[in-house]
Amino acid sequence: MLTDFKFWYIKRDDKGKILEAAIRFYEGEITTALEDGIEVTRYRRTAKLDPKTEAHINEKRAFRKDANGNDVALYYPSDFGEITTEDELAVFLKGELAKDVKREPVETLKITRDA
Amino acid sequence: MPSYTFYPDADPETTSVDGRCAASTSLTDDFATLRARNGATQVSSGATATIGITATSTTDVYSTLSRGIAVFDTSSITDSDTVDSGTFSLQATSKGTGMSQEVAITIGVTASNTALAASDFQTNTSTTRFADTDISIASINTAGSYNDWTLNAAGVANINKSGVSKFSFRMSCDVNNVAPTWVSSAAPFVNFVTADAAGGTSTAPKLVVETTAAAGSTFTPKIIMM
């Protein structure tokens, strides 16, 4: 099973430094399905991970509830250091994905379309 | 003055959604009838959301109209903070020009916060822009950079500090409710990236919100020497 993350929100100060990042983690697999009438093979997420039951996310972690009351993991400069960009945050989060002993981090995949 | 950058929830959605709705492609109509059709399809788990309009080879007759929708969970904004401004942004993978079309931003209307329905097509007909400047399809960047729409006062007022904020991205003729200048078989479109695209670094629709903390919410220590 593969795994990846998505941002819910990123909070910055007026200098652009990231103060807080709310991150969702997923598991999924490579599947083929019709999209707009074309067969597309790509990574598709099958489930959102519960951050409170996944050891690599839950460890020493703060959480925030989203609009539907679901817990979302929060990360701070104490976790990722002084950064300003999503790319820097992604580098840190890829390291967090690597701590998942049950799943393999997905790399950025190119969409393939069969004519 | 903290800022927040929000992204829609990827499939499987639990709090917000993005994608597109479209009218049937098996029918052909004049513009007004096409615009008022009931929706026939929706895509909320694809890697892209295509918006556009397709003209047939018959004068002033069209076959397709599609509307994009992006919902953001903006409930993390501190209730006491003031929302000062907002920018709605999309990345695109490909486009096709024609009939001088632009992309405009309006309110989004969905029956559900976490799933799109074909019927959401007919509820997204607002003629009120949430950004005063449309972006022409010719100017839409498809090389990996965001296309930005600065929200006007109505757009900023649409940002919900206690729940979700919904936006729609549509063809300018659709928002204007004015038929485009028909061109035989013209099919202007834009494929926008959704939250379901692969990859951890987000290329998803995003909403950047600038806020001001409420007065007194930030403690400033003072020393009084006597």
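Residues numbered from 1 in each chain as written. Chains lettered and ligands numbered in written order. Predicted model: local features only at pLDDT ≥ 70, side-chain atom pairs only at ≥ 80, totals over all residues. Heavy atoms only, no water.

K.L.:
Now, about the overall build of chain B: what can you tell me, with residues and values included?
P.N.:
Each helix and strand in chain B was counted, giving three helices and 13 strands. For 226 residues, the compact-globule estimate of 2.2 N^0.38 gives 17 Å, and chain B sits close to it at 19 Å. With the C-alpha coordinates aligned to their principal axes, the bounding extent of chain B is approximately 85 × 35 × 30 Å. When contacts within chain B are restricted to residue pairs at least 6 apart in sequence, those whose partners lie at least 24 apart make up 82%. Per element, the accessible surface of chain B, about 8,600 Å² overall, is 52% carbon and sulfur. (Helix = DSSP H or I, 4+ residues; strand = E, 2+ residues; numbered from the N terminus. Rg over C-alpha atoms; globule rule 2.2 N^0.38 Å. Contact = heavy atoms within 4.5 Å. Areas by Shrake-Rupley, 256 points an atom, 1.4 Å probe, with all protein chains shown as cover.)

K.L.:
Provide a residue-level description of the nonpolar core, including the pertinent values.
P.N.:
If you look at the biggest cluster of nonpolar residues, it comprises 51 residues, and the most contacted ones within it are Phe88, Val103, Trp149, Phe169 and Phe192 of chain B. Top contributing element to this core by residue count: strand β5 (residues 62–73) of chain B, with six residues. In this structure Val103 of chain B touches Ile51, Asp134, Ile135, Ile137, Ile140, Trp149, Phe169, Arg170, Met171, Val190 and Phe192 of chain B, once residues within four positions along its chain are discounted. The next biggest cluster of nonpolar side chains, apart from the first, holds 28 residues, and it includes Leu2, Phe5, Ile57 and Leu97 of chain A. (Core = buried A, V, L, I, M, F, W, Y, C linked by side-chain atoms within 4.5 Å. Buried < 20%, exposed > 50% of the residue type's maximum accessible area, 1.4 Å probe, protein only.)

K.L.:
Please give an account of the pattern of salt bridges that cites residues and values.
P.N.:
All names here are of chain A. Summed over the entire model, instances satisfying the criterion amount to 20 salt bridges over all chains. Lys17 is paired through a salt bridge with Glu82; the nearest N and O atoms lie 3.7 Å apart. With Lys17 in the loop between β1 (2–12) and β2 (18–35) and Glu82 in the loop between α2 (77–80) and α3 (86–97), this pair connects stretches of sequence that are 65 residues apart. Using a relative accessible area of 25% as the deciding quantity, one classes Lys17 as partly exposed. Glu82 gets classed as exposed once you look at its relative accessible area, which sits at 66%. Across the pair Lys102 and Glu54 runs a salt bridge, and its minimum N-O distance is 3.4 Å. Of this pair, Lys102 sits in the loop between α3 and β6 (104–105) while Glu54 is found in the loop between β3 (38–48) and α1 (55–58), placing the two residues 48 residues apart along the sequence. Sharing partners across several salt bridges, the network here consists of Glu27, Glu54, Asp100, Lys102 and Arg103. (Salt bridge = Lys/Arg side-chain N within 4 Å of Asp/Glu carboxyl O.)

K.L.:
With reference to specific residues and values, describe α3 of chain A.
P.N.:
Residues and elements named next belong to chain A. Taking 1.5 Å per residue as the helical rise, α3 with its twelve residues ought to reach 16 Å, and the 16 Å between its terminal C-alpha atoms agrees with that figure. Residues of α3 that are buried: Glu86, Leu89, Ala90, Phe92, Leu93, Glu96 and Leu97. Around the axis of α3, the buried residues are gathered within 165° of arc, so they sit on the same side. (Expected span 1.5 Å × (residues − 1). Arc of directions from axis to C-beta.)

K.L.:
Lay out the interface of chain B and chain A with the relevant residues and their values.
P.N.:
Interfaces are frequently sized by the accessible area removed from exposure as the parts join. The interface of chain B with chain A comprises 35 residues on the first partner and 33 residues on the second. With both chains or domains summed, chain B and chain A bury close to 2,800 Å², and 44% of this area falls on carbon and sulfur atoms. Counting the contacts that link chain B with chain A gives two salt bridges. One salt bridge connects Lys48 of chain A with Asp9 of chain B, and the closest N-O pair in it is separated by 2.8 Å. (Buried area = accessible area lost by both parts, 1.4 Å probe.)

K.L.:
Tell me about the confidence of the model for chain B, residues and numbers included.
P.N.:
On average, chain B scores 93 in pLDDT, and the residues at 70 or more come to 94%. Interface confidence for the predicted complex, given as ipTM, is 0.88, next to a pTM of 0.91. (pLDDT = per-residue confidence, 0-100.)

K.L.:
Tell me about the packing of aromatic side chains, and name the residues and values.
P.N.:
Residues and elements named next belong to chain B. Inspection of the entire model under this criterion finds 18 aromatic pairs over all chains. Taking the centre distance of 6.2 Å and the plane angle of 75° together, the rings of Phe31 and Tyr62 count as edge-to-face. Here Phe31 is found in helix α1 (residues 31–35), whereas its partner Tyr62 is found in strand β5, with 31 residues between them in sequence. By relative accessible area, which is 5% here, Phe31 ends up buried. Ring plane angle 75° and centroid distance 6.0 Å describe the contact between Phe130 and Phe167, whose orientation is recorded as edge-to-face. (Phe/Tyr/Trp six-rings, centres within 6.5 Å; stacked < 30°, edge-to-face > 60°.)

K.L.:
An account of unusual backbone geometry is requested, with residue identities and associated values reported.
P.N.:
All names here are of chain B. In this structure, the amide linkage connecting Asp11 to the following residue, Pro12, adopts the cis form with an omega of 0°. Structurally, Pro12 is set in the loop between β1 (3–6) and β2 (18–23). A positive phi angle, close to 55°, is found at Asn177, a residue other than glycine. Given a relative accessible area of 43%, Asn177 falls into the partly exposed group. Despite not being glycine, Ser185 has its phi angle at roughly 60°, a positive value. In this structure, Ser185 sits in the loop between α3 (172–176) and β12 (189–193).

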